[in-house]
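Results of the structural survey
Read off the chains here:
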Amino acid sequence: MFVVMALVTTIATTPLTKALYPPWYQKKVERWRRGEIDWDGNPLVHSDSSHEDMPKKGEESQIRRLMVHLRLDSLPSLFTFITLLGSDPTRTSVHKEKDASGDSSSGQELPIKKRPLEVYGLRVIELTDRTSSVMHLTEGEDFYSQRDPVVNAFKTFSQLHDVAVSGRVAVVPTDSYAETLISQASDVSADFALIPWGEYGTVSEDQSFLMAASASERFRSSAHLDFINQTFQQAVRVCTTGIFIDNGFGGVTKPTTERPSLIRSKSNISIRSHHEPPALPAPHKDHHIFVPFFGGPDDRAALRLVFQLAKNQHVTVTVARIIWPVLKLQSQSTDGSGTRPATGTSIGAGTNDEVVQDEQDLALLTSIHSSLPADVASRIVVTEERISSPTAAPTEVVALAQKSVGQRPKNAGDVVVLGRRNARLDESSVPGEVSAESGASSSTVGGGLDLRKTIGTVAEQLVAAGVKASVLVVQAGGKGLDN
């Protein structure tokens, strides 16, 4: 009898708990504890907020709330990205000017930035059968978040760089990583979710890997590709999402994938006396961003992000508007012999939809660039690059990127920012294309089509070619789809 009662109690515990404390109720309690809402679910308005804090016209599309996936192996690139995005060239520090008598009490306080960038960090830890994981989950995520070293380092860095920050830990199964991250982005009403691609090509932070994975291993894991795909799919209705593939962003030298050779030493004294010299500060703190602009919602979202990053004085940008000749629609022959293809070519004039799309993209590019301050606009170069055909677009874009980024090896790292999806590219690209410099087939990285479907055709070619820059793949979502 006791055995039956124990079995019934054990089996009924999980469904009863879910029924009494459903996920929506758990989220409500978490937001209530953080002071975001009252118990009835109404958002709390702080007394110091006013209409002056509302974004001005033209600033609605800027990133005000950023959600990042905290990974121990990606902290350098995340810190650098937050520094660039949170910078404000118009911000001045608060101090009191001294009068002629040297008294500072009569001075006036200078204004400070009223709406700092809000960054919400979430570190996801895999729930395993180990006792430590079970104890962490039992003690509560809030209790563990206050003691997590990664979250505390993230908070300290953000606060020192004048960024409003919040960080916590979630202990969930591996197959719930994507849902947990996007749910956090939805709860905080994030404008942009930044998901770093793991250095070792794994979903969880496995610290047993002492060396960075090679290119083929880093992009081959089916579990990691599935995680990225799920993240993109679930984020479409929530916010714009970026997958960041780090390649020395922040000036940190990438670790080698080869095992170091053993060095013979003659005595124990020589071993103890050997010290690695300290790394000197980066001589150049600049970054160069290359944007291949094809058009469409994803490319427009990527363009807005880049122009916001360009407000940092250390950032220069090259926007290459990619255009190719498209045959005009068949026109009526003047001799009455029916229709015939029109001679010549027209940029983006295949269908009426393409014409409207090109005009919308060009108008956005012109309006954003013209609205920037003169010092920011001077660091942005917009060019038009004509390619031979849509099928050759990925290969030729890789060649353009290699000419634009990686020209200053001692700087703080370059980035290629591009949209994930483009209807015309997806229809025209063919499997097994050869990269521009390496001559290797695209199927050599990440299983070819799997990686291509995950991050897009052009991004896959950039990874396969080994471009000397990080790659940020942007997918529009939420309000970004309407802009």
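Let me begin by describing the structure that accompanies this report. (Residues numbered from 1 in each chain as written. Predicted model: local features only at pLDDT ≥ 70, side-chain atom pairs only at ≥ 80, totals over all residues. Heavy atoms only, no water.)

**A look at the overall build of the chain**
Tallying secondary structure elements over the chain gives 17 helices and 14 strands in all. For the chain, the proportion of its 483 residues judged to be buried stands at 42%. A total of about 26,800 Å² of accessible surface is found on the chain, and carbon and sulfur atoms cover 55% of it. (Helix = DSSP H or I, 4+ residues; strand = E, 2+ residues; numbered from the N terminus. Buried < 20%, exposed > 50% of the residue type's maximum accessible area, 1.4 Å probe, protein only. Areas by Shrake-Rupley, 256 points an atom, 1.4 Å probe, with all protein chains shown as cover.)

**Points about the pairing of strand E1 (residues 65-69)**
Burial analysis of E1 places four of its five residues in the buried class, which makes it a mostly covered element. Here E1 pairs with strand E2 (residues 118-126) via five bridges, running parallel. Within E2, the position partnered with Arg65 by the bridge is Glu118. Pairing geometry for E1 and strand E4 (residues 192-196), over three bridges, is parallel. Bridging from a neighbouring strand, Leu66 pairs with Phe192 of E4. (Pairing = 2+ DSSP bridges.)

**Things to note about the sheet that holds strand E7 (residues 315-323)**
Strand order in the open sheet formed by 10 strands is E3-E2-E1-E4-E5-E14-E13-E6-E7-E12, and the pairing between neighbours is mixed. Unpaired on one side and paired on the other, strand E3 (164-172) and strand E12 (380-386) mark the two borders of the sheet. Between one strand axis and the next, the sheet turns by 20° as a mean value, whatever way the strands run. (Axes fitted to C-alpha atoms, helices over the stretch in contact; angles between N-to-C directions.)

**With respect to the packing of aromatic side chains**
In the structure shown here, the tally under the stated rule is five aromatic pairs. With a centroid separation of 5.2 Å and an interplanar angle of 45°, the aromatic rings of Trp197 and Phe219 are classed as tilted. Of the two residues, Trp197 is situated in the loop between E4 and helix H8 (215-218) and Phe219 in the loop between H8 and helix H9 (222-235); the sequence distance between them amounts to 22 residues. When sorted by exposure, Trp197 lands in the same class as Phe219, which is buried. (Phe/Tyr/Trp six-rings, centres within 6.5 Å; stacked < 30°, edge-to-face > 60°.)

**Looking at the pattern of salt bridges**
Side chains that carry opposite charge are capable of pairing whenever their charged atoms lie near each other. Using the criterion set out here, one finds 10 salt bridges in the structure. Arg123 is the salt-bridge partner of Asp148, the closest N and O atoms lying 2.5 Å from each other. With Asp148 in the loop between helix H5 (141-145) and helix H6 (149-160) and Arg123 in strand E2, the pair connects residues that are 25 residues apart, well separated along the chain. Exposure class is identical for Asp148 and Arg123. Each is buried. One salt bridge connects Arg452 with Glu460, and the closest N-O pair in it is separated by 3.7 Å. An identical accessibility class is assigned to Arg452 and Glu460; each is buried. (Salt bridge = Lys/Arg side-chain N within 4 Å of Asp/Glu carboxyl O.)

**What about the nonpolar core?**
In terms of nonpolar packing, the biggest core is built from 52 residues, with Leu66 and Phe81 touching the most fellow members. In contact with Phe81, not counting residues within four places along its chain, are Leu66, Phe192, Leu194, Phe249, Leu305, Leu309 and Leu472. By size, the runner-up hydrophobic cluster in this structure holds 50 residues, among which are Ala178, Ala393, Val398 and Val458. (Core = buried A, V, L, I, M, F, W, Y, C linked by side-chain atoms within 4.5 Å. Contact = heavy atoms within 4.5 Å.)

**Details of helix H1 (residues 2-20)**
Between its first and last C-alpha, H1 extends 25 Å over 19 residues, near the 27 Å set by a 1.5 Å rise per residue. Within H1, the axis deviates most sharply at Thr13, by approximately 40°, and proline Pro15 lies no more than four positions further along. The element H1 is largely exposed, with a buried count of zero among its 19 residues. (Expected span 1.5 Å × (residues − 1). Bend = angle between axes of the 7 residues up to and from the residue.)

**Describing the environment of Ile245**
Relative to the helices and strands, Ile245 is located in strand E5 (residues 240-245). Taking the C-alpha atoms as reference points, Ile245 and Ser77, 168 residues apart in sequence, are found 9.4 Å from one another.

**Re helix H7 (residues 177-187)**
Owing to its 3.6 residues per turn, the α-helix brings residues three or four apart onto one side. Summarising burial for H7: nine of the 11 residues are buried, a large majority. For H7, the full list of buried residues reads Tyr177, Ala178, Thr180, Leu181, Ile182, Ser183, Gln184, Ala185 and Asp187. Residues of H7 that are buried sit in contact with helix H2 (23-33), E1, E2, E3, E4 and H9. The first or second residue beyond H7 is Ser189, which carries a positive phi of 55°.

**Concerning the environment of Glu126**
By the secondary structure assignment, Glu126 is in strand E2. Judged by its relative accessible area of 28%, Glu126 is partly exposed. Linking Glu126 and Asp175, residues 49 residues apart in sequence, is a C-alpha distance of 9.3 Å. One polar contact links Glu126 to Ser204, side chain to side chain, over a distance of 3.5 Å. (Polar contact = N/O pair within 3.5 Å; in protein donor to acceptor, adjacent residues only side chain to side chain.)

**Quick word on a nonpolar patch on the surface**
Residues Met1, Phe2 and Met5 make up a contiguous nonpolar surface patch of about 440 Å² in total accessible area. Mapped onto the elements, Met5 comes out in helix H1. Take Met5: its relative accessible area is 46%, and that puts it in the partly exposed class. (Patch = residues over 30% accessible without salt bridge, like charges linked within 9 Å, V, L, I, M, F, W, Y side chains within 5 Å.)

**Observations concerning unusual backbone geometry**
With a phi angle near 60°, Asp162 is a residue other than glycine that sits in the positive phi range. Topologically, Asp162 is positioned in the loop between H6 and E3. You can call Asp162 partly exposed: its relative accessible area is 39%. With a phi angle near 55°, Ser189 is a residue other than glycine that sits in the positive phi range. Looking at where Ser189 falls in the secondary structure, it is placed in the loop between H7 and E4. What makes Ser189 partly exposed here is its relative accessible area of 44%.

**With respect to the packing of helix H14 (residues 393-404) against helix H17 (residues 457-465)**
Close contact between H14 and H17 brings their axes to 9 Å; oriented N to C, the two are set at 55°. The orientation of H14 with respect to H17, classified from their angle, is oblique. In this structure, the crossing between H14 and H17 has a hand that is right-handed. Contacts from Pro394, Thr395, Val397, Val398, Ala401 and Gln402 in H14 reach Thr457, Val458, Gln461, Leu462 and Ala465 in H17. Tallied by class, residues from the contact of H14 with H17 come to seven nonpolar, four polar and no charged. (Parallel < 35°, antiparallel > 145°, perpendicular 65-115°, else oblique. Left-handed = near helix turned anticlockwise from the far one by under 90°. Nonpolar A, V, L, I, M, F, W, Y, C, P; charged D, E, K, R; others polar.)

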